[in-house]
Amino acid sequence: MRVPPPAPEPVYRRFAPRVALVVIAIVLIVLLFSARGLAVLYTDKLWFDDLGFSHTFTTLLWAKIEPALLFSAVMFAVMLVNLIVADRLGPKFRSAGPEDEIVDRYRAVVAPYEGRVRVGISLLFGILVGVGASAQWKVWLLYQNRVNWGIKDPQFHKDVGFYVFQLPFLRFIAQWLFVVFIVVLLVTAVFHYLNGGIRFQAPFQRVTPQVKAHLSVILALMAFTKTAQYWFGRYDLVLSRRGVAEGATYTDVHAQLPALQFLVLISIVGGVLFLVNIWRRGWTLPVIAAGLWAFISIVLGTAYPAYVQKYTVKPNEGSRERPYLVRNIDATRKAYGIDKVEVKQLGATTDLNEAALAQSDTKATLANARLWDPTTLGDQIDARQTFFSYYGFKSVAVDRYSVGSEAPTLELVALRELTGTLNNNTWQNQHLAFTHGVGAVMVQGNEASGSGDQQQLDPVYRLQGLPPAGDQELVPKPSAVYFGTKLGGYAVIDTKAGEVEGGAHNSQQVATAHPQTGVAVSSFLRKAAFAARFGDINLLFSDRLKDTSRVVYVRDVQARLEKAAPFLSYDSQPYPVILPDHSVVWVVDAYTTTDAYPYSQHARNPGNDPSGGLSGNFNYVRNSVKAVVNAYDGTVTLYVVDKTDPMLMAYRKAFPSMFTDASRMPPGLAEHLRYPTDLFTVQTEQYSLYHTVDPSDWYGGSEQWAVSPQPNSKVSANGGTAAASTDATNTGRVQSSGARARPEYLMLHLPETDAGQQFVLSRSFVPASRNGGTDNQLSSFMAARSDGFDPGGGGTYGKLIVYEVSGDNKQVASPFLAANQIQSDADISKTLSLLDQHGSEIRLGAVQLLPLGSSIVYVQPVYVKPAGDSTFPKLTYIAADYNDKAVLIGQAEASAAGISVSAEGAVRRLLGLTAQTPPTTGTGGNKPGTGTATELEKQIRAAAQAYSTAQKAGDNEAAGKALDTLLNLIAQLPNATAPTTTTPSTTPSTTPGATSTTTAPSGTSPTVAPITTTTSGG
């Protein structure tokens, strides 16, 4: 009897504990490397909760998670099913071959774990291919919340909403599936090889029939996916950039579209042939099909359209493209909101006279001309109003305010913000003590203070100092500014350290009140999360923090909005508003954009004309939201000002609790809404080409405009520009530098309207020319109205008016030519040149186009910045240009003539309606302002030498006296002639509000050298 062998002893997996330890170690490593990401996610949740946007956080998070999960699951399922099928179809027995060793080794290693290997590989590719779909969160969000646009495209008669909301997502699915099937095909083929179903070195059958059938099905699915791509590609033609204008043009409609339709059929046939190949031997049929498909794709999809474009369209482009240009013009005008521009004709006359100046609208427009530019004023208030090194004025905004019963006047407003420049930059100072700015400054835009013996003029403040003082209606309460511009990092408020802020008489004080904002660090977990987020361990161990302390982060207003509502675009110029309840808010214009509006031309963004927050790729834009951020507590409110915008309708469906109706704006806010600069920049660029609706005129280009060039900022000593040569008489034309003038906020009366003085945004046009030869001629100017906001949309806010200009049998000067004529005038050039010596700098303000009745006058303030880094520019002259004549007036000359240093004074001087300064006859001597031009020049040279000598010696008092003498002499120079007398012709005009005189500190006055100027504007 044979004794059976003993049963094998059970094998114990002694390595199981090791596996567990490895798994635990891997989990800990993953957690360690993802700790910061988890901390950021957690603190983001707290940040949104503090903002009151908890639903927004959840929606945004799921908008990224949902497509990632969905597409990962699809990829996982498709891959797993194919791998299971590959294993099931693997041959049980194969003849021996040179590749069996590889297969045997694979089976020996994988066979015990083949199920887990399939799942692991499917999961890996599911994550790799699927997670990337989270980047399409915005496309996914719009697809889920799509709305009808109400406009159909002229080619396929589909609603515009299909192209904006649906087509991008459908196109993404088709492209993604094609990639999926390519990956699945490759991985499946590898598995078939490892299972023995594919043999590259077999002498007979290299691919088993089962494997061939499997791979043929995958190839067929790829072909059918390509069918979907061709089908959706038909609709993409409405966004084509092939022709002279965007959209489906002649070649797209008559060549590319038929080719795509034929390729749809070819791809279907190709897919069917792959399936038929299952029952045929070899791969001849699908190879022939694929080759024929590729050939037809090249011929029909590429070569044929190129042939039609070159030989059918190009020779007859104007007539062939005419119907498609009509589509492009109509779509572009609608997409940018320039289809409702009101066009008026302005026959610019040259008969401006005393009676015209006496008109109330004309006087008001001249009185409201802006004397201070934001950039130049910013330098001055930064030097005089910061008081502490850690404060600064980062931007100055142009707005209008009405104090008491006064009519609205032009004002320039800036907040005193935290800059982070500390003498002792410790962690406690940076994050606990110096946490906020304080107060605001407001300057009357149309007034300056000074007297006859003070050549340089100062701003007139409505609000200034610490604590902020001025008109009581404007004093901010609370005055602390915790949220501002260009403000990074974080701060912790309500700590044991105490918060420092500047007070009266250059003293520092500890803030006693704190806004109820930020996230409380009331637990160790929160402290640890913030320490990980900011990479700052001090938050975890500092004994200065209390349970009630709160971390304030994302303090920059634009960054705050971009985080709260990342699907909107934001204007590059936030501006502060002081409301009637004394609270201070930042207003930021928010935009909805898309690049999928059929037939619309994409926005032009030339490098010399940046459009700030609207510099991306888009062909539709609306300013549908006014975003408001409280400067004290950071509260964010998004007010809907355009309910008809389909893009915003979709976002409101996605975020129903995020937006607030404009009718719920706090009192006084609507009066400070401004038409946004970035939007106006884009609209004027598009309108310069699309103001004409006739396709023949558009194609011919003879009616095209260009935005007026920016007046050249470099002025040479003879009054010309550094970038251009001028002739001996200083009348040579200045060539454009290529930069285009920025829009300007002005307060004026628009011709042929009965709304009185209005706050408008203005920009001028000149005829388009490749060589800039028509930069001197004004074609028109556009004004965007900012007053009269109506939440229902019936007000005058946002209305665009274009004035097409024609002169009295002559060309009307553009702002560019006006600036050139001012700088090239012999007397003005000489005056500026004498001022600009020893490193002083002339700054030219914005050239303001002022329509006075039917006449157009240009006004430009001129500032002088003395030598030295610690000085700042001050208003010194007002220049005016009208009817090819220019004039420059300063304080001394204006006082002698009985006029004011204002736009009205300059215009009156220009028209000869004021008394000239009578020169005093004499025999020479040292009395300022006497004698001939030659004698004046001698006195000027002597005064300049005296000033220079005193400055070098450090005698500030002597330098100040010498400078006063020098400026008074220069002011007389344009009128210095042989001794004569002049009779006054009119009564003097005065500048409203010129109430005070401020003497410039000694040593801060301009010194005299070769002139270098910069141009500022607002």
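Below is a short write-up of the structure. (Residues numbered from 1 in each chain as written. Predicted model: local features only at pLDDT ≥ 70, side-chain atom pairs only at ≥ 80, totals over all residues. Heavy atoms only, no water.)

Quick look at the overall build of the chain now. Looking only at helices and strands, the chain features 28 helices and 32 strands. Residues classed as buried in the chain amount to 54% of the 1018 residues present. Excluding contacts between residues fewer than 6 apart, the proportion of contacts in the chain whose partners are at least 24 apart in sequence is 72%. Accessible area for the chain stands at about 43,300 Å²; split by element, carbon and sulfur atoms hold 57% of it. (Helix = DSSP H or I, 4+ residues; strand = E, 2+ residues; numbered from the N terminus. Buried < 20%, exposed > 50% of the residue type's maximum accessible area, 1.4 Å probe, protein only. Contact = heavy atoms within 4.5 Å. Areas by Shrake-Rupley, 256 points an atom, 1.4 Å probe, with all protein chains shown as cover.)

Considering all chains together, one arrives at 28 salt bridges under this definition. A salt bridge links Arg242 to Asp252, with the nearest nitrogen and oxygen atoms 3.1 Å apart. Taken together, the residues span a long stretch of sequence, with Arg242 in the loop between helix H8 (209–236) and helix H9 (250–276) and Asp252 in helix H9 at a distance of 10 residues. On the basis of relative accessibility, which here comes to 33%, the residue Arg242 falls in the partly exposed class. For Asp252, a relative accessible area of 1% puts it in the buried group. A salt bridge links Glu317 to Lys314; the shortest N-O distance between them is 3.7 Å. (Salt bridge = Lys/Arg side-chain N within 4 Å of Asp/Glu carboxyl O.)

On to the packing of H8 against H9. The interhelical angle for the contact between H8 and H9, taken along N-to-C directions, is 165°, at an axis separation of 8 Å. It follows from the interaxial angle that H8 and H9 lie roughly antiparallel. The handedness of the crossing between H8 and H9 is left-handed. The residues of H9 that touch H8, namely those facing Ser216, Val217, Leu219, Ala220, Ala223, Phe224, Lys226, Thr227, Tyr230, Trp231, Gly233 and Arg234, are Leu257, Leu260, Gln261, Leu263, Val264, Ser267, Ile268, Gly270, Gly271, Val272, Phe274 and Leu275. (Axes fitted to C-alpha atoms, helices over the stretch in contact; angles between N-to-C directions. Parallel < 35°, antiparallel > 145°, perpendicular 65-115°, else oblique. Left-handed = near helix turned anticlockwise from the far one by under 90°.)

Turning our attention to the nonpolar core. With 211 residues, the main nonpolar core has Trp372, Tyr553, Phe567, Leu568, Leu638, Phe659 and Ile856 as its most contacted residues. Looking at this core element by element, the count peaks at nine residues for H9. The next biggest cluster of nonpolar side chains, apart from the first, holds 25 residues, and it includes Met79, Trp176, Phe181 and Leu215. (Core = buried A, V, L, I, M, F, W, Y, C linked by side-chain atoms within 4.5 Å.)

Taking burial as the measure, the five residues of strand E20 (residues 636–640) include five buried ones, the bulk of the element. Taking every second residue as pointing to the same face, both faces of E20 are buried, with Val636, Leu638 and Val640 on one and Thr637 and Tyr639 on the other. Counted along the chain from strand E19 (residues 620–630) to the antiparallel partner E20, the turn is five residues long, and its residue Gly634 has a positive phi close to 75°. Taking the sense of rotation as the criterion, the β-α-β connection linking E20, helix H20 (residues 646–654) and strand E21 (residues 659–661) turns out right-handed. (Pairing = 2+ DSSP bridges. Right-handed = clockwise from strand over helix to strand, strands pointing away.)

On the surface, Val217, Leu221, Phe224, Phe262, Leu265, Ile268, Val272, Leu275 and Val276 cluster together into a nonpolar patch covering about 660 Å² of accessible area. At six residues, the largest contribution of residues to the nonpolar patch is made by H9. Tracing the sequence through the fold places Phe262 in helix H9. (Patch = residues over 30% accessible without salt bridge, like charges linked within 9 Å, V, L, I, M, F, W, Y side chains within 5 Å.)

Attention now goes to the environment of Ile218. Tracing the backbone shows Ile218 in helix H8. Classification of Ile218 as buried rests on a relative accessible area of 2%. Between the C-alpha atom of Ile218 and that of Thr188, which follows or precedes it by 30 residues, the distance is 9.5 Å. Here Ile218 is in contact with Asn82, Phe181, Val184, Leu185 and Thr188, once residues within four sequence places are set aside.

For an α-helix, the turn length of 3.6 residues means that residues three or four places apart are oriented alike. Along its 27 residues, H9 runs 39 Å from first to last C-alpha, staying within 8% of the 39 Å computed at 1.5 Å per residue. Roughly 35° is the biggest bend found in H9, and it falls at Gln256, with proline Pro258 one to four residues downstream. (Expected span 1.5 Å × (residues − 1). Bend = angle between axes of the 7 residues up to and from the residue.)

This paragraph deals with the packing of aromatic side chains. Applying the stated criterion across every chain yields a total of 39 aromatic pairs. When the centroid spacing of 5.5 Å and the interplanar angle of 20° are considered together, the rings of Phe388 and Tyr390 count as stacked. What makes Tyr390 buried here is its relative accessible area of 5%. Between Tyr597 and Tyr620, the ring centres sit 5.8 Å apart and the planes meet at 5°, which makes this aromatic pair stacked. Taken together, the residues span a long stretch of sequence, with Tyr597 in the loop between strand E18 (584–594) and E19 and Tyr620 in strand E19 at a distance of 23 residues. Using a relative accessible area of 4% as the deciding quantity, one classes Tyr597 as buried. Ring-pair connections join several aromatic residues into one group, and the members of that group are Phe156, Phe162, Tyr163, Trp231 and Tyr235. Sitting over the face of the ring of Tyr143, Arg146 holds its NZ or CZ atom 4.3 Å from the ring centroid. Positioned over the ring face of Phe162 is Lys158, at 4.9 Å from the centre of the ring. (Phe/Tyr/Trp six-rings, centres within 6.5 Å; stacked < 30°, edge-to-face > 60°. Lys NZ or Arg CZ within 6 Å of the ring centre and 35° of its normal.)

The subject of this paragraph is the sheet that holds strand E11 (residues 490–493). Sheet architecture is open: three strands sit in the order E11-E15-E14, paired in antiparallel fashion. Either end of the sheet is taken by a strand with one partner, and the two such strands are E11 and strand E14 (519–520). One ladder, built from four bridges, connects E11 with strand E15 (residues 550–553); its direction is antiparallel. Looking at the pairing, Ala491 lines up with Val552 of E15.

The next subject is the pairing of E18. Every regular strand shows the same layout, with side chains that alternate between the two sheet faces. The element E18 is largely enclosed, with a buried count of 11 among its 11 residues. Going residue by residue along E18, you find Val584, Trp586, Val588, Ala590, Thr592 and Thr594 tucked away on one face and Val585, Val587, Asp589, Tyr591 and Thr593 tucked away on the opposite face as well. As judged from the two bridges shared by strand E16 (residues 569–570) and E18, these two strands associate in the antiparallel manner. Paired with Tyr570 across the two strands is Ala590, which belongs to E18. With antiparallel pairing between neighbouring strands as the criterion, strand E17 (residues 575–578) and E18 make up a hairpin whose turn holds five residues, including His582 at a positive phi of roughly 75°. In this sheet, E19 lies alongside E18 in antiparallel orientation, the contact comprising nine bridges. Residue pairing across strands places Trp586 opposite Val629, the latter belonging to E19.

Turning to its location among the elements, Asn145 is positioned in the loop between helix H6 (137–144) and helix H7 (160–194). Asn145 sits in the buried class, given a relative accessible area of 12%. At a separation of 3.5 Å, a polar atom in the side chain of Asn145 contacts the main-chain amide nitrogen of Ala654. Leave out the neighbours within four places in its chain, and Asn145 touches Ala650, Lys653 and Ala654. (Polar contact = N/O pair within 3.5 Å; in protein donor to acceptor, adjacent residues only side chain to side chain.)

Every buried residue belonging to helix H19 (residues 557–564) is among Val557, Gln558, Arg560, Leu561 and Ala564, and all of these are buried. Mapping the buried residues of H19 onto a view down its axis gives an arc of 160°, with all of them on the same face. Its side-chain oxygen placed 3.1 Å from the backbone nitrogen of Gln558, Asp556 serves as the N-cap of H19. (Arc of directions from axis to C-beta.)

On to the sheet that holds strand E4 (residues 409–415), then. Reading across from one edge, E3-E4-E7-E8-E9 is the order of the five strands in this open sheet, with antiparallel pairing throughout. Since the sheet does not close on itself, it has two edges, and those belong to strand E3 (397–401) and strand E9 (469–470), each with one partner. Bridge analysis of E4 against strand E7 (residues 440–449) gives five bridges, and the strand direction is antiparallel. Of the residues in E7, the one forming a bridge with Ala414 is Val441.

A few words now on the environment of Leu418. With respect to the helices, strands and loops of the structure, Leu418 is situated in strand E5 (residues 417–418). In this structure Leu418 comes out as buried when scored by relative accessible area, which is 7%. On a C-alpha basis, the gap between Leu418 and Glu501 in space is 9.8 Å, while along the polypeptide they are 83 residues apart. Excluding its chain neighbours within four sequence positions, the residues that come into contact with Leu418 are Tyr390, Tyr391, Lys394, Phe434, Thr435, His436, Gly437, Leu487 and Arg555.

On to the packing of H9 against helix H10 (residues 284–313). Contact geometry of H9 with H10 gives a least axis separation of 10 Å together with a crossing angle of 180°. Here H9 is positioned roughly antiparallel relative to H10, judged by the angle of their axes. The residue makeup of the contact of H9 with H10, split by class, is 19 nonpolar, eight polar and no charged. (Nonpolar A, V, L, I, M, F, W, Y, C, P; charged D, E, K, R; others polar.)

Right, let's get into unusual backbone geometry. In the segment running from Leu466 into Pro467, the intervening peptide bond is cis, with an omega of -10°. Among the secondary structure elements, Pro467 is positioned in the loop between strand E8 (458–464) and E9. Each neighbour pair has its own omega, and for Lys477 with Pro478 the value is -10°, a cis peptide bond. Along the chain, Pro478 turns up in the loop between E9 and strand E10 (480–481). Of note in the backbone geometry, Phe387 takes a positive phi value of approximately 70° without being a glycine. With respect to the helices, strands and loops of the structure, Phe387 is situated in the loop between helix H15 (374–385) and strand E2 (391–392). Overall, Phe387 belongs to the partly exposed group, its relative accessible area being 34%. Of note in this structure, Lys486 is not a glycine but carries a positive phi near 50°. Of note, Lys486 is situated in the loop between E10 and E11. Residue classification places Lys486 among the exposed positions, given a relative accessible area of 71%.

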